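# Architecture at a glance
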Amino acid sequence: MILSCICYRLGVQAGGTDNIYSAFGYMIPMIIVIIWGWMCRIRISQRKAGDCSVWIALFLIILIFLGWIRDHIVNEALSGSIDYAYGRNIIRFLLYGELIIVIGIAALSLELAVLSPAPSTRKAGAVENMISLTTMAIVALIMTNEIHHRVLSKAVGTIGADRMALYSDLELYGYKAGWGYYLAAQWCCACLVGAAGILAVYCLRKGDWNRLWFPGALMLISLIYLFFYAFGVIRDSFRIHDFSVVIAYLTMMVVESCIANRLIASVKGYEPFIRHSLTPMSIHDMEGNCLIRSDTFAGLESYISDYAEGDICILPGGRRMMCRTVRGGRVYWSEDITGAVRLIDELSNTADTLKDRNVTMREEYRSRYRKKTLEEKNRLYSLMQKDCLEYIRELQNLTRMLADTDDREEEKTLLERMTVIGTYVKRRNNLLFVYESGGRIPPGELKLSFLEMLSSLSALGVKGAINYVVPENMLFNHACESFDSFFVIILRYYRNIRSVYLSLGKEADHHRLLVELCFKEGMGPTEDDYASMEDEGEGIYLYSKEIGGAGL
């Protein structure tokens, strides 16, 4: 940096830019900026901040190159080698370019301050959008200056020979600044102030103000230089170098000071952290040469081999060696897995215990299930015997009588009675099972019981019909009362009737059972049942019974 400044002053004293001193005065800063930008991209760990630093370096190179060309054009115009008006037009457009580049550098510096504390996955927010929109608006104002002349306008006069006595380059070049020029300068100053404010807030959160002194001092110097240059305070004789080179040096020093004071995250300063790390680790290049290792890695070098990425080596003492390929080399580290191994053993023992306990509980559950099933069967069997014990015993007697008789007519009589009683016992117990399952008797279930009884009578030569108009569920005792009443009548008269008609329906607050019997000629109901039946003539008798009561 000092060498470039010396070369620049020697070139000025030599009387122009067409000398080796002036060339070196601009080439050395360009080389420095190129190397600095490449190093920033490698050192800055935050990806977006690293990209931002590369753009700043690119803009600085363009700025220095434009300054070099501008300086050359000015000297050519002073010496009379080129036409004054032609040189003046070229300088105007070069000034546009320099002003745009300086604004871009200031905006990128503010962007760098915003991105540095943020993670790489952070998306652009309102602050970044505001910076971009403001910068683009000022750039558009500069690019349209040929229309409105609010940034630069022509001044009266020509380029003077007494260059050292002039206060600013604009007067030297024959232009005067407009409000757009000062707006651009104020935006650059605002970007510097904003960057300093963001870094100050970051230091306030961390509680470490010492990191801000040096970067803050450099920012203040840059701010003062921009202010003095924009308002023409700096005389040409006071300059140590061209404006573009000074801006480049100040920008690099500010960014470097931020990196050195850890305001911008970088890979610098990790060597002590790795050496004193409690995790044994070693970093090697692709040829296997050790670059750096922690003190706790001592004694583990013999276990390093030509690992592939993701390989795991179990070490004695409950440790494991792992390897990962990174850019430019490999990282080896060792982990203590004794706790994990102990936990796995405990989980394995717990799993075996739970498995044995599960087998025991399964067997216990099966035993309880079998016991409950047997108890339920016994309970249901007891209920069946309680309700149908009389007819079950009668079926047993009829079975013995059937086995003892040889008379065909008696066999037929016994079989007919067994058919009627067996059908009743079956359907009666089925109603009990349905009740145990659901609590009420569905209308279709009771109807099936009546139909099966009529089907049994049909096998005995008795015709039957049914009219069942009960749409809702019935209580168990009401259903049983209906079916029991029908069975008692059928069991008493099935040998004396030709047909039977059954009707069960719901009236206002109860159900009504109607049984119409058509007796064979010369037969009728017994004297005990005659009073409960209504004689409808021609051997037809109607039996009626009210089932249930209020609340059905």
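What comes next concerns the included structure.

About the cut-offs
- Residues numbered from 1 in each chain as written.
- Predicted model: local features only at pLDDT ≥ 70, side-chain atom pairs only at ≥ 80, totals over all residues.
- Heavy atoms only, no water.
- Pairing = 2+ DSSP bridges.
- Helix = DSSP H or I, 4+ residues; strand = E, 2+ residues; numbered from the N terminus.
- Axes fitted to C-alpha atoms, helices over the stretch in contact; angles between N-to-C directions.
- Contact = heavy atoms within 4.5 Å.
- Buried < 20%, exposed > 50% of the residue type's maximum accessible area, 1.4 Å probe, protein only.
- Right-handed = clockwise from strand over helix to strand, strands pointing away.
- Phe/Tyr/Trp six-rings, centres within 6.5 Å; stacked < 30°, edge-to-face > 60°.
- Salt bridge = Lys/Arg side-chain N within 4 Å of Asp/Glu carboxyl O.
- Expected span 1.5 Å × (residues − 1).
- Arc of directions from axis to C-beta.
- Parallel < 35°, antiparallel > 145°, perpendicular 65-115°, else oblique.
- Nonpolar A, V, L, I, M, F, W, Y, C, P; charged D, E, K, R; others polar.

What follows deals with the sheet that holds strand β8 (residues 463-469). Read across the sheet, five strands follow the order β8-β9-β10-β12-β11 without closing on themselves; strand pairing throughout is mixed. Strand pairing shows two members of the sheet lacking a second neighbour, β8 and β11 (533-535), which therefore form its edges. Averaged over all pairs of adjacent strands, the angle between strand axes in this sheet comes to 15°, irrespective of strand direction. Bridge count for strand β10 (residues 511-519) against strand β12 (residues 540-547) is eight bridges, and the pairing is antiparallel. Looking at β12, one finds that L517 is bridged to Y541. The strands that helix α14 (residues 443-459) touches are β8 and β9 (497-506); relative to β8, the one it contacts most, it runs at about 170°.

Most of strand β7 (residues 329-336) sits inside the fold, with six of its eight residues counted as buried. Here strand β3 (residues 281-285) runs beside β7; their pairing, made up of five bridges, is antiparallel. Pairing of M281 across the sheet is with W333, part of β7. What sits between the antiparallel neighbours strand β6 (residues 319-326) and β7 is a turn of two residues, in which G328 has the positive phi angle 90°.

Note that β8 and β9 share seven bridges and pair parallel. Counted as the bridge partner of K463 is S499 from β9. In this region the chain leaves β8, passes through helix α15 (residues 476-493) and returns to the parallel neighbour β9; the handedness of that crossover is left-handed.

So, about the packing of aromatic side chains. Scanning the model with the defined rule gives 13 aromatic pairs in all. With centroids separated by 5.6 Å and ring planes inclined at 85°, the aromatic side chains of Y181 and Y182 adopt a geometry described as edge-to-face. For Y181, a relative accessible area of 10% corresponds to the buried category. Seen from their ring centres, Y424 and F483 are 5.6 Å apart, and the 15° between their planes marks the pair as stacked. Of this pair, Y424 sits in helix α13 (residues 408-438) while F483 sits in helix α15; the two residues are 59 residues apart in sequence, bridging distant segments of the chain. Each member of the pair Y424 and F483 is classed as buried. In textbook terms, an aromatic cluster arises when at least three aromatic residues are bridged by ring pairs, as seen for Y391, Y424, F450, F483, F486 and F487.

The subject of this paragraph is the side chain of E445. Looking at the element boundaries, E445 is found in helix α14. Residue E445 is classed as buried on the basis of its relative accessible area of 19%. When sequence neighbours within four positions are dropped, the list of residues in contact with E445 reads R427, N430, L431 and V434.

Moving on: the pattern of salt bridges. Note on pairing: side chains with opposite charge can pair once their charged atoms come close. Enumeration over the complete set of coordinates arrives at 12 salt bridges. Across the pair R368 and E364 runs a salt bridge whose closest N-O atoms are separated by 2.6 Å. With R368 and E364 both in helix α12 (residues 338-404) and four residues apart, the pair spans about one turn of that helix. You can call R368 exposed: its relative accessible area is 54%.

Our focus in this paragraph is helix α5 (residues 126-143). Here α5 spans 26 Å end to end across 18 residues, near enough to the 26 Å set by a 1.5 Å rise per residue. Along α5, the residues that are buried comprise E128, I131, T135, I138, V139, L141 and I142. The arc that holds the buried residues of α5, viewed along the axis, is 160°, so those residues lie on one side. Seen from the buried face of α5, the exposed residues on the opposite side, beyond 90 degrees, are A126, L133 and M136.

Where α14 meets α15, the axes come as close as 10 Å, and the angle between the chain directions of the two elements is 10°. One way to sum up the angle between α14 and α15 is to call them roughly parallel. Counting all contacts with α14, which are made through L446, S449, F450, M453, L454 and L457, the residues of α15 involved are A479, S482, F483, F486, F487 and I490. Of the residues in the contact of α14 with α15, the class split is 10 nonpolar, two polar and no charged.

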